[in-house]
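Residue-level listing of the chains:
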Amino acid sequence: MILVSSCLAGLEVRYNGTHCLNSKISKLVEENKAMTICPELLGGFSTPREPAEIIGGNGEDVLDGKARVVDQTGKDVTQLYLKGAFAALEKAKELHAHIVVLKENSPSCGSSKIYNGKFIGEKIEGMGVTSALLMRNGIKVISEEQFAETFL
Ligand code: SF4
């Protein structure tokens, strides 16, 4: 089974109520070859919500307790991000997901780039919290960009 970010399949679950539809990915879901997952909703957030970024590091640092996830109002939302990441890991294990395609740049789903924590639209190298946890558990995570390069 393939797991994919819900927003890539066209579900309006992003912080601002939009999606990031990738038609090839939504086709996989329609054909029952993939299932959707949104770690932030699994963590307890609803849509819309405040945008959040990782401050002081990346998703791995959040897992190690060395960085935090903070929303634009300054509220610490680290625990909800961790809850969503562990729920996503459970789901991936339950479904025996062999590959997970997650939305690049997100503080949860980014797999090679995330925003730099200053809310100025600048990105740095690094994984989001869910991607870092899945990869630590031996689950292959790729972005929608890598998916397009590899599988299309
Ligand atoms: Fe999309 Fe992931 Fe953000 Fe959910 S947490 S809206 S799946 S990028």
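Anything mentioned here points back to the structure above.
Scoring rules and cut-offs
Residues numbered from 1 in each chain as written. Predicted model: local features only at pLDDT ≥ 70, side-chain atom pairs only at ≥ 80, totals over all residues. Heavy atoms only, no water. 1 Å grid on protein atoms, 1.4 Å probe; cavity = no way out; pocket = protein on both sides within 12 Å on 5 of 7 lines; lining within 4 Å. Points joined across faces, edges and corners; volume = space filled by probe spheres on them. Helix = DSSP H or I, 4+ residues; strand = E, 2+ residues; numbered from the N terminus. Pairing = 2+ DSSP bridges. Right-handed = clockwise from strand over helix to strand, strands pointing away. Core = buried A, V, L, I, M, F, W, Y, C linked by side-chain atoms within 4.5 Å. Buried < 20%, exposed > 50% of the residue type's maximum accessible area, 1.4 Å probe, protein only. Contact = heavy atoms within 4.5 Å. Phe/Tyr/Trp six-rings, centres within 6.5 Å; stacked < 30°, edge-to-face > 60°.

Draft legend 1. Looking closely at the layout of surface pockets. Approximately 480 Å³ is the volume attributed to the largest pocket. Lining the largest pocket are 27 residues, with Arg14, Tyr15, Asn105, Ser106 and Pro107 positioned closest to its centre. Broken down by secondary-structure element, the contributors of at least two residues to the lining of the largest pocket are α2 (39-42) and β3 (52-55).

Draft legend 2. Inspection of the pairing of strand β2 (residues 34-37) at higher detail. As judged from the four bridges shared by strand β1 (residues 2-5) and β2, these two strands associate in the parallel manner. The partner of valine 4 across the bridge, within β2, is threonine 36. Handedness of the β1-helix α1 (residues 23-30)-β2 crossover: right-handed.

Draft legend 3. Examining the nonpolar core more closely. Counting residues in hydrophobic clusters, the biggest one holds 25 residues, and the most contacted among them are Val69, Val100, Val129 and Leu134. Every element with two or more residues in this core is listed here: β3, α4 (78-94), β5 (99-102) and α5 (129-136). By residue number, the principal contributor to this core is α4, which donates six residues. Residue contacts for leucine 134: discarding those within four places in its chain leaves Ala88, Leu89, Ala92, Val100, Leu102, Ile139 and Val141. Formed by 14 residues, the second largest nonpolar core is a distinct cluster that contains Cys7, Leu8, Ala34 and Ile99.

Draft legend 4. Local environment of the packing of aromatic side chains. Inspection of the entire model under this criterion finds one aromatic pair. Here the aromatic rings of phenylalanine 45 and tyrosine 81 are separated by 5.4 Å at their centres, their planes lie at 70°, and the arrangement is edge-to-face. Pair noted here: phenylalanine 45 is in the loop between α2 and β3 and tyrosine 81 is in helix α4, with a separation of 36 residues, a long-range link. For the residue pair phenylalanine 45 and tyrosine 81, the accessibility class agrees, reading buried in each case.

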